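This is what each chain is made of:
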Amino acid sequence: MTSNEFRDMILIKTPKYSVSLEYLFEKLANKQGKGEFSQFGPLYELYVYAFFLGLKIGSRIELASGSNAKKFVEIAGWKSSSPLIDFLLLTIFSRSDEIGFDWNELEDMEEKDLAEVVRKIITFIEEYAYGGLDYIKNKFDNGQLDNSQYLFVDLISEVVNQ
Amino acid sequence: MANIINQISFQNFYNYFGSFDKNQYEFSEGVNIVVADNGAGKSKFFNGFLWIFYDEVLDSDTKTRKNIKNQAVKICSDKAKNEASVNDFIECNVALEFSDKRFRYRISKGFRLKKLKSDSSLTESADWQVFFKELEVSKRDIQLLVYHEVYDSDEQKRILNSLIQPNLREYSLFQGEEVDKLIDFNQADSINRAVKSLTDINKYDELEKITKYVATRAEGELNEIIKSSNAASLNYTKKLEEKESKKNSLESELEKLVSYENSYSLYKSEVDKLENLNENAEGRKEFDDKIKEETSKLKELKEEYDRLVEKLNERFFDGNFGWIAIGCENEVKNFREKLNSYREIRTLKKASKLNDHSNHQINLLPPDSPDSVTLQTMLDREHCYVCDREAKKDSESWKHINSLLNRKDSSQNKPIQVFNNDLNDFFGDIQLGAQPYVGRIIGIEESIIRTREKEQSLLDKITKVKEKINNLKEERSHLIIGGDEDNLSDARQIMAQYRGALTRLQKAEEDIIKSRTRIDGLNEGIRKDENELSRMRPQDTPKEYEFHFEISSDLRDAAQRTKIRVFDEMILKLEKMANQHFQNLIKHNDLSGGILKFEKNPIGTIDFKYIDEKGNEVTGASEGFQRMKVLAVLMAIISVNPNGYLYPLLADAPLSAFGKGFILGFFEETEKVFPQSIILLKDLYDKESDNKLNKLGNELLKNKSVSSIYLNQIPENLKQIEVYTEHIKIK
């Protein structure tokens, strides 16, 4: 398998999020106009943001198996013109130990083993994103989100500086 | 000789706590100044004058004048009220001494206040009982020492009025902005009223009236005597009737003229008012343009702000900001370490796999070795270009070249597959692609701060521009005079109204001219009739009647001509004096002022204009200039009076809108016009200076025009109920 083929294996995936968090996306990632809070444009922006937030607070939550999950567009469509996908991959592969694979071993794997690694990677994304979304959800539900344009900046800065 | 105020003293009057002798100010001819900072008793001092002249004081809370009767508790010193015991009486008085060439007078007004409760409020009228005193006036011969009480109330009033005549008080006593109202250049009548009050021009009106009355009576008596003698011829009687008829027409025409003149005055004020609005309409357009410009600036700033704020979250992902990478230093470090380790392991694995392959031929060449095309050329040409030697076919050299060309790892051979999945590029691409974020991680917090600063700076700019727009609108709203903006703001409407009023004014002017022509015609006819009648008079008409009539008619005509001549001369003189005063008043300013122009209008009163050297009307001069204009005209009116001005000028903060240049000019010029002035002001006060006077104050201290300078001060760190004013005479 070539580098490109492996990259495609990952980028073709569509990470999921729990439907129980759908209202968060409606409130905080709605391209269609101004709302009560500072907003992201596309849904996946909030998702990626939540993923990084989850990583920083170390909150990884397993998605319940079953149909209570919604899919995003495939990763390849996430801000494809920006360095986002590469930075996302950089972050993921920096955590390969946690996900459970070794870079060099990847080169010797069969395709089905690689697919398993890719599955783990997507789960890694989904679970940290859930962790981040859950953090936001709690604040949102408890009315602790500032009605400020700097909401997301403040939220992540606060976590980073802790 | 002019009246001079020699002294004023206060007793428990506002901050002037204590007896008269503690609050006594001596003044003399020339300029007298009382310098006081805010709250040190300037306006309260002036209230002393207001009490004496008007039985009023200016209420500092409402800025309106109020009758003294309702203000007694308020104007009595808080310190005195506080220190009084129950049933104690407090004296609150103001006393003023002035002199003319023969007598010195003392006028005093006051009341007594009785404290009714031990806890009497300092302001509650119900807690105090007030006993007003009668006006007290006494006088003494200037050569003697003892004052005698004046009991006759008419005499008391006459003495008080002689200090400053009631009709002149508005020109003699004023506070701050009241100066501007002394002569309102937008009110056609204002300047004429001032001229009538301050000059003796009215005497000529009176003279004209009297001589006309005498001439008419003389004529009547003459005609009576002729009729009664029955000696008059039929022709004489007929001529007399003709003349009477002409006189009736003249009376009716004169009435018409009065009505035309009234219309003219009315339309003139309308035109003046609209002219102002019309000029203001132009002025407003300037403001509108500025407001438009600022509004568009505001729009741009708001758009920039909205863009910044709305796109704030985009900065998380934008390659130029990469805020999403905040706090990911460890991930980047780990990735690098893993990449290095991966590459090391990989190289070793690769080398090991290649070594395992049973091929002893060289498969890796050192750098700068010839490529396969060169090797082929070398074989074809049987020459080694590396060592520049011949390499004949099948020689050792040729074989060596051949073995290099056909080595295992060369591109001409199939590569050995070292890895199942070659991911070297995969990781390399990630490192390269993520670089824009990675390179910015260290500066993200700074970038967020800068963004916040930019937002704040935009907000500040927006606030400033908004303020500017509000100020412009505020200034613009001052250009609306006498009308509400919504109805009159339409410049075209103002223009139309203005044109209409102008047409009406011109019509009134034409009516006046036509009427005057008819009057002249009738007068001429009457004069001819009179000549004829004098020839037709019967021989036995008593000469004294004829003589009386002729003399009185001549006098009447002379009075009429004199009145016109004096008035015309006065206008010329007024203009000359006003410009002289104006130039002197502004001589310490760098700016050159315009020219004050006085003109006689069709109804025989004065029109005033402020023009530049090219004759264009000047508008929009600064507040200081405007006030100097008023003062210059006022001084000119006083100066044209052959007797000058006989009363003191008493002014509280008349210079509040003035700069240093104006203030100096004012004092120098005031001395020339007013025999005495008492000016209360803070503009010379400087707390930090040794003698508490600023530079200008110290200049005036040396100035000969200034007779006396007092300094009022409130001792520091006193509670409100302990406040009292101290004064020292520094000149």
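Cut-offs and rules
- Residues numbered from 1 in each chain as written.
- Chains lettered and ligands numbered in written order.
- Predicted model: local features only at pLDDT ≥ 70, side-chain atom pairs only at ≥ 80, totals over all residues.
- Heavy atoms only, no water.
- Salt bridge = Lys/Arg side-chain N within 4 Å of Asp/Glu carboxyl O.
- Buried < 20%, exposed > 50% of the residue type's maximum accessible area, 1.4 Å probe, protein only.
- Helix = DSSP H or I, 4+ residues; strand = E, 2+ residues; numbered from the N terminus.
- Pairing = 2+ DSSP bridges.
- Contact = heavy atoms within 4.5 Å.
- Buried area = accessible area lost by both parts, 1.4 Å probe.
- Axes fitted to C-alpha atoms, helices over the stretch in contact; angles between N-to-C directions.
- Parallel < 35°, antiparallel > 145°, perpendicular 65-115°, else oblique.
- Left-handed = near helix turned anticlockwise from the far one by under 90°.
- Nonpolar A, V, L, I, M, F, W, Y, C, P; charged D, E, K, R; others polar.

**Some thoughts on the pattern of salt bridges**
Move 1: For the structure shown, the criterion picks out 65 salt bridges over all chains.
Move 2: With a closest N to O distance of 2.7 Å, Arg106(B) and Glu97(B) form a salt bridge.
Move 3: Residue Glu97(B) is classed as buried on the basis of its relative accessible area, which comes to 7%.
Move 4: A salt bridge links Glu155(B) to Lys139(B), with the nearest nitrogen and oxygen atoms 3.8 Å apart. With Glu155(B) in helix H4 (residues 153-163) and Lys139(B) in strand E9 (residues 136-141), the pair connects residues that are 16 residues apart, well separated along the chain.
Move 5: Take Lys139(B): its relative accessible area is 22%, and that puts it in the partly exposed class.
Move 6: What emerges from the salt-bridge pattern is a single network uniting Arg60(A), Arg95(A), Glu98(A), Glu127(A) and Glu331(B).

**Comments concerning the pairing of strand E4 (residues 56-59) of chain B**
Residue and element names in this part refer to chain B.
Move 1: Across 4 bridges, the pairing between E4 and strand E5 (residues 64-67) is antiparallel. Across the sheet, residue Leu58 finds its bridge partner in E5, namely Arg65.
Move 2: Taking the residues that link successive antiparallel strands as the turn, the E4-E5 hairpin has 4 residues, and the phi of Lys63 there is positive, at about 60°.

**Side note on the interface of chain B and chain A**
Move 1: On the side of chain A, 47 residues touch chain B, which itself brings 46 residues to the contact.
Move 2: Of the roughly 4200 Å² buried between chain B and chain A, counting both surfaces, carbon and sulfur atoms make up 64%.
Move 3: In this structure, the connection of chain B to chain A is made through 5 salt bridges.
Move 4: We note a salt bridge from Glu107(A) to Arg346(B), for which the minimum N-O separation is 3.0 Å.

**A closer look at the sheet that holds strand E11 (residues 173-175) of chain B**
In a beta sheet, neighbouring strands are held together by backbone hydrogen bonds and run either parallel or antiparallel to one another.
Residues and elements named next belong to chain B.
Move 1: Here we have 6 strands laid out as an open sheet, ordered E11-E16-E17-E3-E18-E19, and mixed in their pairing. A strand with exactly one partner marks an edge of an open sheet, and here the two such strands are E11 and strand E19 (726-729). Pairwise comparison of adjacent strand axes, ignoring direction, gives a mean angle of 15° for this sheet.
Move 2: Where strand E3 (residues 30-36) lies against strand E17 (residues 676-681), 6 bridges are found, and the strand directions are parallel.

**Here's the deal with the packing of helix H20 (residues 660-673) of chain B against helix H21 (residues 695-702) of chain B**
All names here are of chain B.
Move 1: The contact between H20 and H21 brings their axes to 11 Å, and the two run at 20°. When the axes of H20 and H21 are compared, the pair comes out roughly parallel. H21 is crossed by H20, and the crossing has right-handed handedness. Taken together, the residues of H21 that come into contact with H20 (itself represented by Lys660, Ile663, Leu664 and Phe667) are Lys695, Leu696, Glu699 and Leu700.
Move 2: Residues belonging to the contact of H20 with H21 are distributed by class as follows: 5 nonpolar, no polar and 3 charged.

**A few points about the environment of Asn161(B)**
Residue and element names in this part refer to chain B.
Move 1: Relative to the helices and strands, Asn161 is located in helix H4.
Move 2: Assessed through its relative accessible area of 25%, Asn161 is described here as partly exposed.
Move 3: In this view, Asn161 contacts Pro166 and Arg169; residues no more than four positions away in its chain are not counted.

Read these as spatial facts, not as claims about activity.
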